[in-house]
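One letter stands for each residue in the lines below.
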Amino acid sequence: MNIVDIILKKRDGQALTDEEIHYFVDGVKTKTLPDYQISALLMAIYFSGMNGHEVASLTREMALSGDCLSFPALRHPIVDKHSSGGVGDKTTLVIAPVVAACGLPIAKLSGRGLGFTGGTIDKLESIPGFRTEISEEEFTQFVSQDGIAIIGQSADIAPVDKVLYALRDVTGTVDSLPLIAASIMSKKLADGSDAIVLDVKFGSGAFMKTPEEAIELAEMMVSIGEENGKKTIALVTDMTQPLGCAVGNAMEVKEALDTLRGEGPVDFRAECYALAEAMLMAGERAKNEEEAQRLVHDAITSGKALAKMKAMVMNQGGDVSYIEDPSLFPKAQYSLAGRAQQDGVVSAINAETIGKSSLLLGAGRRRTEDRIDPAVGLYVHKKVGDTVKKGEILFTVEANDESRGAEAVALAQSAYTLTTQSVQRAHTPVYAVVRKDGVIRTEKNA
Ligand code: URA
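Conventions and cut-offs
Residues numbered from 1 in each chain as written. Predicted model: local features only at pLDDT ≥ 70, side-chain atom pairs only at ≥ 80, totals over all residues. Heavy atoms only, no water. Helix = DSSP H or I, 4+ residues; strand = E, 2+ residues; numbered from the N terminus. Rg over C-alpha atoms; globule rule 2.2 N^0.38 Å. Buried < 20%, exposed > 50% of the residue type's maximum accessible area, 1.4 Å probe, protein only. Contact = heavy atoms within 4.5 Å. Pairing = 2+ DSSP bridges. Axes fitted to C-alpha atoms, helices over the stretch in contact; angles between N-to-C directions. Core = buried A, V, L, I, M, F, W, Y, C linked by side-chain atoms within 4.5 Å. Parallel < 35°, antiparallel > 145°, perpendicular 65-115°, else oblique. Nonpolar A, V, L, I, M, F, W, Y, C, P; charged D, E, K, R; others polar. Salt bridge = Lys/Arg side-chain N within 4 Å of Asp/Glu carboxyl O. Phe/Tyr/Trp six-rings, centres within 6.5 Å; stacked < 30°, edge-to-face > 60°.

Re the overall build of the protein chain
- Within the protein chain, the regular secondary structure consists of 17 helices and 14 strands.
- The C-alpha radius of gyration of the protein chain comes to 22 Å, within 12% of the 22 Å expected for a compact globule of 446 residues.
- Along the first, second and third principal axes, the C-alpha atoms of the protein chain reach 65 × 50 × 45 Å.
- Here the protein chain holds 446 residues, and the buried ones make up 56% of them.
- In the protein chain, the share of contacts with a sequence separation of at least 24, taken over all contacts with a separation of at least 6, comes to 76%.

So, the side chain of Lys230
- Mapping Lys230 onto the fold places it in the loop between helix 10 (211-227) and strand 5 (231-238).
- Taking relative accessible area as the criterion, Lys230 reaches 8% and is therefore assigned buried.
- Aside from chain neighbours lying at most four places away, what touches Lys230 is Lys188, Leu189, Asp191, Gly192, Ser193, Asp194, Ile196 and Gly225.

Section: the sheet that holds strand 8 (residues 344-349)
- One open sheet holds the three strands; their spatial order is 10-8-12, and the pairing between them is antiparallel. With one partner strand each, in any of the chains shown, strand 10 (387-388) and strand 12 (416-419) form the two edges of the open sheet.
- Looking at chain direction, strand 8 and strand 10 are connected through two bridges and run antiparallel. Residue pairing in the sheet places Val345 in a bridge with Thr387 of strand 10.
- In the packing of helix 17 (residues 402-415) onto the sheet, the strands contacted are strand 8 and strand 12, and the crossing angle to strand 12 comes to about 45°.

Details of the pairing of strand 13 (residues 430-435)
- When you tally the buried positions in strand 13, you get five out of six residues, the bulk of the element.
- Where strand 5 lies against strand 13, four bridges are found, and the strand directions are antiparallel. Paired with Thr237 across the strands is Val430, a residue of strand 13.
- Sheet analysis places strand 13 next to strand 14 (residues 438-441), joined by four bridges and oriented antiparallel. Along strand 14, the bridge assignment pairs Arg435 with Gly438.
- Hairpin connection of strand 13 to strand 14: two residues between the antiparallel strands.

Comments concerning the nonpolar core
- Grouped together as the largest cluster of nonpolar side chains are 83 residues, with contacts concentrated most on Val98 and Leu280.
- A total of 10 residues in this core trace back to one element, the largest contributor, which is helix 12 (residues 266-282).
- Formed by 46 residues, the second largest nonpolar core is a distinct cluster that contains Ile6, Met50, Leu58 and Ala182.

Examining the packing of helix 16 (residues 351-361) against helix 17
- Axis separation between helix 16 and helix 17 bottoms out at 8 Å; the angle between their running directions is 175°. When the interaxial angle is binned, helix 16 and helix 17 end up roughly antiparallel. On helix 17, the residues touching Thr353, Ile354, Lys356, Ser357, Leu360 and Leu361 of helix 16 are Arg404, Gly405, Glu407, Ala408, Leu411, Ala412, Ser414 and Ala415.
- The residue makeup of the contact of helix 16 with helix 17, split by class, is seven nonpolar, four polar and three charged.

A short note on the pattern of salt bridges
- Following the criterion strictly, the structure yields 25 salt bridges and no others.
- The partner of Lys383 in a salt bridge is Asp267, and the shortest N-O contact between them spans 2.8 Å. Placement of Lys383 in the loop between strand 9 (377-380) and strand 10 and of Asp267 in helix 12 is noted, with a sequence separation of 116 residues between them.
- The partner of Asp298 in a salt bridge is Arg294, and the shortest N-O contact between them spans 3.8 Å. Taken together, the residues span about one helical turn, with Asp298 and Arg294 both in helix 13 (residues 289-301) at a distance of four residues.
- On the basis of relative accessible area, Arg294 is assigned to the partly exposed category, the value being 45%.
- Overlapping salt bridges, with partners in common, bring together Asp80, Lys108, Lys188, Asp191 and Lys230 in one network.

Points about the packing of aromatic side chains
- Scanning the model with the defined rule gives five aromatic pairs in all.
- Taken together, a centroid distance of 5.2 Å and an interplanar angle of 85° make the contact between Tyr46 and Phe47 edge-to-face.
- Judged by its relative accessible area of 66%, Phe47 falls in the exposed class.
- Centroid distance Tyr322 to Phe329: 5.1 Å. Interplanar angle 75°. Geometry classified as edge-to-face.
- With a relative accessible area of 15%, Tyr322 lands in the buried category.

Following this line, the structure appears as structure tokens:
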């Protein structure tokens, strides 16, 4: 077999065989293929696409390129949840304790943020002492004992994805549906879960800009999961504006804690509940939507979900007093307001621009080795559909460097669009639900 022939075949729009895909992935893994040939094939895939069988085969090969975890000592089913990435997306911090409180174990591997999207591991590390790298023995012990543990994903899970992602990032091939689907699902196939709930986002703060593109990606990922024996459900959700109000690590943990206390922003709460309910049904803990809704409601109102959060923080070495009293989280030195320049109604908030503004402040990283400042970020006070008066505060920037803070305010200001017309607020952030047997659009979008 020859890599040039494989590149030519894909360039000319033909489907690759399982053997050819194996040859490619093995060449990446063993470092026998040079970056220029790997990149050429990625570009050919970008333009020619892949059929369902090819994507499933690429995903499987990528998953098998590293460790495939299994947790024989744990109670199954284990249901995983994965988000395709967004701004202000702190859903795992709420969903994991809620689902654990409902009796379904959470044994979760999460990622760090890169670029304008945040990562659960960075958010958890803003709790002083919280350890995201623990031994496999501790991990299984905590899940057996309290039904919950969240750790960082090891470098040994789907290592070929790391190589391919780094090359995609510098060759204009990130936003390819088959490559995104294979990248995400290769890590999910290897993480020891039995079922997966995917949160596939669309909008200015997501890879997929339109709901229809997000549905296509969701269908591809659901089919990969199901073909590999994992029950897979995807919720297609709105990322046309930041999720909730807080963007920034400690600020997001505080918002998640509010939500675990039954408060928190309406859109964020609704999305967390919908994802948690989907997990309970995927894990057969709830027979139907009504039962799932009741379980989630009880987990929050009884305080059991918050207690699960405390148990996880305690087990993993974090300071529980921060969970009991979130005002202990460090505050940034400067709080700078962004104000409305005119009367009007907020018609759009570009989530990517808000994410970039938080990156400027040090809330995220441009390179993997960058350090994160947990205290900085933005708080979005006015969301799409809100009426504002000239001079009213739209958002506040929390900064530890005054001049960077001023830059972040100017950038975030440009994310807002105000109109004099009335604007309809979405009644739910969930646009559609994708299962192996089809797509159900929520009422408003049907
Ligand atoms: N998340 C991933 O892990 N991979 C992609 O390609 C996109 C989002």
